[in-house]
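Each chain, written out:
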Amino acid sequence: MAASDDPRPDAQRRQGVLKKRFEGMGLSPEELPGGSALVVTLPLSPEPFQTPSGKRVIRSARFYTVGHDRVKFTSPRALAFLPMLRVLDCEKTAQIEARLREAWAVWIEAQTEAGQWLRELGLIPEVDDGLPLCRFSLGLEESGALAVALAPGRVILPSRGPLAGLSLDRHEDRVYRPRSVDTGIDLELDITAQLERLARAKRSEARRITLHDEPRNDRRRAPVLLVGPRLTASREFHQSLSLRHLEADAVRSISDGVEAFRRRTYDGVLVESHLDRADGVELIPALRGLPGVLELPIAVLDDRPRSNRREQAREAGATAYLAGAIHATHLAPAIQHMVSASPKRRFTRYDHALSVSWEGCGHPAVATSLSRGGLFVRMHNPLPDGPFSIHVPESPAGAFTMRAELEAVHRNVDPVSGPDGVGARFRSFASGDEARWITFLNHLHAGVAGPGGAPGA
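Residues numbered from 1 in each chain as written. Predicted model: local features only at pLDDT ≥ 70, side-chain atom pairs only at ≥ 80, totals over all residues. Heavy atoms only, no water.

Here we take up the overall build of the protein. Along the protein, the regular secondary structure elements total 11 helices and 23 strands. Across the 457 residues of the protein, 45% fall into the buried class. The contacts of the protein with a sequence gap of at least 6 include a subset with a gap of at least 24, amounting to 54%. Carbon and sulfur atoms form 49% of the exposed surface of the protein, whose accessible area is close to 23,800 Å². (Helix = DSSP H or I, 4+ residues; strand = E, 2+ residues; numbered from the N terminus. Buried < 20%, exposed > 50% of the residue type's maximum accessible area, 1.4 Å probe, protein only. Contact = heavy atoms within 4.5 Å. Areas by Shrake-Rupley, 256 points an atom, 1.4 Å probe, with all protein chains shown as cover.)

Taken in spatial order, the 5 strands make up an open sheet running β14-β13-β15-β16-β17, and their pairing is parallel. Edge positions in the sheet fall to β14 (246–251) and β17 (320–323), since each has one partner strand and no second. In this sheet, adjacent strand axes meet at a mean angle of 20° when their direction is disregarded. (Pairing = 2+ DSSP bridges. Axes fitted to C-alpha atoms, helices over the stretch in contact; angles between N-to-C directions.)

Throughout the structure, instances matching the rule amount to 20 salt bridges. Here R425 ties to E407 by a salt bridge, and the two come within 2.6 Å at their closest N and O atoms. Of this pair, R425 sits in strand β23 (residues 421–429) while E407 sits in strand β22 (residues 400–412), and the two are 18 residues apart along the sequence. Note on R425: relative accessible area 35%, which makes it partly exposed. Several salt bridges converge on common partners, so that one network encompasses D69, R70, R86, D89 and R99. (Salt bridge = Lys/Arg side-chain N within 4 Å of Asp/Glu carboxyl O.)

This part takes up the side chain of S357. Tracing the backbone through its elements, the reader meets S357 in strand β18 (residues 354–358). There is a polar contact of 3.0 Å between the side chain of S357 and the side chain of H391. (Polar contact = N/O pair within 3.5 Å; in protein donor to acceptor, adjacent residues only side chain to side chain.)

Between helix α6 (residues 235–243) and helix α10 (residues 328–341), the least distance of the axes is 9 Å, while the angle of their chain directions is 45°. In terms of axis orientation, α6 runs oblique to α10. The chirality of how α6 crosses α10 is right-handed. Mapping the contact onto sequence places E236, F237, S240 and L241 in α6 and A328, L331, A332 and I335 in α10. Among the residues forming the contact of α6 with α10, the class breakdown is 6 nonpolar, 1 polar and 1 charged. (Parallel < 35°, antiparallel > 145°, perpendicular 65-115°, else oblique. Left-handed = near helix turned anticlockwise from the far one by under 90°. Nonpolar A, V, L, I, M, F, W, Y, C, P; charged D, E, K, R; others polar.)

Under the defined criterion, the tally for this structure stands at 1 cavity of 30 Å³ or more. One number sums up the size of the largest cavity: a volume of about 40 Å³. As for the largest cavity, its lining consists of F261, R262, L290, P291, R372, I438 and N442. Put simply, the parts of the chain that give the lining of the largest cavity at least two residues each are α7 (254–263) and α11 (433–449). Per-class residue counts for the lining of the largest cavity are 4 nonpolar, 1 polar and 2 charged. (1 Å grid on protein atoms, 1.4 Å probe; cavity = no way out; pocket = protein on both sides within 12 Å on 5 of 7 lines; lining within 4 Å. Points joined across faces, edges and corners; volume = space filled by probe spheres on them.)

With that settled, consider the environment of S137. Relative to the helices and strands, S137 resides in strand β9 (residues 131–137). Judged by relative accessible area, S137 falls into the partly exposed class, the value being 36%. Residues within four places of S137 in sequence aside, it is in contact with L146 and E188.

All right, on to the nonpolar core then. Taken as a class, soluble globular proteins show a tendency for nonpolar side chains to be buried jointly. Counting residues in hydrophobic clusters, the biggest one holds 30 residues, and the most contacted among them are F22, F73, L79, I96, L100 and W104. Looking at this core, the element that brings in the most residues is helix α2 (residues 93–120), giving 6 residues. Among all residues touching I96, those that are not within four sequence positions of it are F22, M25, L42, F73, V87 and C90. Judged by nonpolar contacts, the second largest core, of 27 residues, contains F388, I390, V392 and A404. (Core = buried A, V, L, I, M, F, W, Y, C linked by side-chain atoms within 4.5 Å.)

Strand order across the open sheet formed by 5 strands is β1-β2-β5-β6-β7, with antiparallel pairing between neighbours. Two strands close off the open sheet at either side, each with one partner strand: β1 (30–31) and β7 (85–86). Where strand β2 (residues 38–43) lies against strand β5 (residues 60–66), 5 bridges are found, and the strand directions are antiparallel. Bridge pairing links V39 to Y64 in β5.

Honestly, that's just the spatial picture; any functional story needs more than this.
This is the structure we're talking about:
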């Protein structure tokens, strides 16, 4: 039967080809149920593997296939931390072993650097010969709450401690990039604070489940602003952000970045450290000085690590300093994490009342605590389906009615802490309405601040 006439699904046909290749190498691949993956035991040469605590002989390794060209090692357990390896071009077992040993060497080098990083901070890593990981204590009451340093500046958060019994939705939430610190105590405090933030978010998420009878399928796409010529040109990076539910707008200069914020509100910003005629760090005070902006997450991207620019970014208030080429697989998760994990309030809330209505409502509701990101709707019931009409009786451009989609974030039913209602953020606006909303809030900001004054939070 010709390959084109093979009735099996494509995945199974490709696995069949891979199985024959492994058999030709003298291996004995086993098919998993469904025929979509193979499990293979690979004999290894007697040359020992180098570990942080000495040399270790591994006589064989077990892997399973992923797709038609890659494998993931699972046994011995120490190999499970290696990334997936491409083997489609391997014709002999020695080539697969060479690729395994190369990946192992890279892993051990990263672990060695991670251990040195911890020691420079004054921490003593715990290394297990059978499991080459740089684990270290966070000083929590639960002794088993150990973090793992994957590399300098990259840490796996423990499942014990504040996150005990909680399941994180995303892999990138488990891998944390701490802020730049000078001592082990600072590192422990920073990681512990992140554990508390994630735990609070998970508990809050559990409470929010009851806000709607049925969950929405159209997840909000958080808007982010990219500033710089390299970021503007990197379409692959834009697509990677989109896959992570981030909607990217890109501009080339600081002035364009500031102007973009006059028309739209962004949940986070990534700016190149070196722009054509300016230093990207200058964008940080420019944006945080805009009316209604408080603690916006802003990351600075450098083409290579520079200690002086890292310090400049830190002094300017950058949320993160990132260095290296624009690799979407590494950079996109960092931006997603920065946008989702930042605990501080981003935008000023203005105590002003507006009428809110929606299709089929008997009586309009009242919106208060207005901000660039959302508002508080005083109502006894859960937030209904939109779109919503928000009526602004006066603004610099006169009266107008804004159309917007809202998403419930929290609900207040405790009369002690305030009126009944729903805290909601904006999901989307009708064309042109977001710019008019920002102009209206700027008008409120000027009124609250007064001549030469500063608004209240």
